[in-house]
Amino acid sequence: GESVGLHLPTLSVQEGDNSIINCAYSNSASDYFIWYKQESGKGPQFIIDIRSNMDKRQGQRVTVLLNKTVKHLSLQIAATQPGDSAVYFCAEKQGAQKLVFGQGTRLTINP
Amino acid sequence: EAGVVQSPRYKIIEKKQPVAFWCNPISGHNTLYWYLQNLGQGPELLIRYENEEAVDDSQLPKDRFSAERLKGVDSTLKIQPAELGDSAVYLCASSLAVGEQFFGPGTRLTVL
């Protein structure tokens, strides 16, 4: 069936380095994607979104890239900080309000 | 402004017992969602309400799960009887009709 998945379950980076978290999707008709951050004991928190008519969108220290040709999106976090430690999910919006989440990548920051 | 409120935060029960989770959405949000999140996995939608109407309950295991949102505000999700495999985090989220979903902290259920 249609799914949204992640390439790597864990990612460890040095504080101050850039982080790149990847996500693959299978539904070529998908037109809206969201990245969420989930800290321990909390619910997912919206980070940034992107529509299929864009290939890049930037926020504060975060950038999302969308490659529709290979059905891949990535989340780049610049100058990673200890507070960025969390699990990151990509999600695909199907229909009006249904979100389909990928498995998640755990990002850990080394001091 | 308060976010999505869920209670209890943690619940431990023995299998075959009933359990209920409560959610109070952000004020003014007419759309409410219940998600199931297994360890290491992304949330999976169980049911979506628009006001008091369940508009998508296709993923809700109706033999043991039920939900209600009688007045179109807060909601209750129930499991009866609980099974070992129901151990997970149950997340509630809310949104305006079309827009960003805001998640609560979840209820962590452990079935022994």
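This structure is a prediction, so every number in the text was calculated from the model and none was measured.

Peer 1: Help me understand the pattern of salt bridges, please; the structure alone is not making it clear to me.
Peer 2: A side chain of one charge can pair with a side chain of the opposite charge if their charged atoms are brought near each other. According to the stated counting rule, one finds seven salt bridges over all chains in the structure shown. With a closest N to O distance of 3.7 Å, E39 of chain A and K42 of chain A form a salt bridge. Residue class for E39 of chain A comes out partly exposed when judged on its relative accessible area of 27%. Between K62 of chain B and D57 of chain B there is a salt bridge, with the nearest N and O atoms lying 3.8 Å from each other. Accessibility expressed as a relative area gives 28% for D57 of chain B, which makes it partly exposed. Put simply, R64, E83 and D86 of chain B are held in one network by salt bridges that share partners.

Peer 1: Even after reading the chapter, I still don't get the interface of chain A and chain B, so can you show me in this structure?
Peer 2: One frequently used descriptor of interface size is the decrease in accessible area upon assembly of the parts. Taken together, the contacts link 15 residues of chain A with 22 residues of chain B. For the pairing of chain A and chain B, the buried interface totals around 1400 Å² over both sides, and the portion due to carbon and sulfur atoms is 49%. Of all residues in chain A, Q97, K98 and F101 of chain A bury the most surface against chain B, accounting for 39% of the area lost on that side. The interface formed by chain A and chain B contains zero salt bridges. There are four residue pairs in polar contact (both at pLDDT 80 or more) connecting chain A and chain B. Those elements that place two or more of their residues in the side of chain A that touches chain B are strand 4 (32-38), strand 9 (86-94) and strand 10 (98-101) of chain A. For the side of chain A that touches chain B, the element with the highest residue contribution is strand 10 of chain A, accounting for three residues.

Peer 1: Is there a simple way to think about the sheet that holds strand 1 (residues 5-7) of chain B in this case?
Peer 2: Adjacent strands of a sheet form backbone hydrogen bonds with each other and so pair up, either parallel or antiparallel. Residue and element names in this part refer to chain B. Spatially, the four strands line up as an open sheet ordered 1-3-8-7, and their pairing is antiparallel. Two strands in the sheet have a free side with no partner beyond their single neighbour: strand 1 and strand 7 (65-68). Between one strand and the next, the sheet's axes are offset by a mean angle of 15°, whatever the strand orientation. Across three bridges, the pairing between strand 1 and strand 3 (residues 19-24) is antiparallel. Bridge assignment links S7 to a residue of strand 3, and that residue is W22.

Peer 1: Help me understand the nonpolar core, please; the structure alone is not making it clear to me.
Peer 2: What tends to happen in soluble globular proteins is that the nonpolar side chains get buried as a cluster. In this structure, F21, W34, L46, L77, I79, Y90 and L109 of chain B are the most contacted members of the largest nonpolar core, which totals 22 residues. Looking at this core, the elements that each hand over two or more residues are strand 3, strand 4 (31-37), strand 5 (44-50), strand 8 (75-79), strand 9 (88-95) and strand 11 (107-111) of chain B. Not counting the four nearest positions on each side in its chain, L77 of chain B is found in contact with V19, A20, F21, W34, L46, L60, S66, A67 and Y90 of chain B. Counting 20 residues, the second-largest nonpolar core is a separate cluster that includes V13, V62, L66 and Y88 of chain A.

Peer 1: Explain the side chain of K37 of chain A to me, please; I cannot follow it from the model alone.
Peer 2: Residue and element names in this part refer to chain A. Note that K37 resides in strand 4. Despite its burial, K37 remains without a salt bridge, the nearest opposite charge being carried by E39 at 4.2 Å. A polar contact is formed between the side chain of K37 and the backbone oxygen of G83, at a distance of 2.7 Å.

The rules behind the values
- Every chain is numbered independently, its residues counted from 1 as its sequence is written.
- Ligands are numbered from 1 and chains lettered from A, in the order in which they are written.
- Confidence filtering applies because this is a predicted model: local features only for residues at pLDDT of at least 70, side-chain atom pairs given and counted only at 80 or more, and all residues used for totals across whole chains, interfaces and linings.
- Heavy atoms from the whole structure form the basis of all side-chain values; hydrogens and water molecules are not counted.
- Only one rule defines a salt bridge in this text: a Lys or Arg side-chain nitrogen within 4 Å of an Asp or Glu carboxyl oxygen.
- Accessible area is worked out with a 1.4 Å probe on protein chains only. A residue is then buried under 20% of its type maximum, exposed over 50%, and partly exposed in between.
- Any two residues whose heavy atoms approach within 4.5 Å at even a single point are treated as in contact.
- Summed over both partners, the accessible area lost on bringing two parts together, with a 1.4 Å probe, is the buried area.
- Any pair of N or O atoms that falls within 3.5 Å is considered a polar contact. Within protein, one atom must be able to donate a hydrogen and the other to accept it, and sequence-neighbouring residues count only if both atoms are side-chain atoms.
- Helix numbers and strand numbers start at the N terminus; a helix is a DSSP run of H or I with at least 4 residues, a strand a run of E with at least 2.
- One bridge is not enough; two strands pair if DSSP finds at least two bridges between them.
- Axis definition: a line fitted to C-alpha atoms, over the contacting stretch in the case of helices. Angles run 0 to 180 degrees between N-to-C directions.
- Take the buried residues of types Ala, Val, Leu, Ile, Met, Phe, Trp, Tyr and Cys, join any two whose side-chain atoms come within 4.5 Å, and each joined set is a nonpolar core.
- Under this rule, positive means Lys or Arg and negative means Asp or Glu; His and the chain ends count for nothing.

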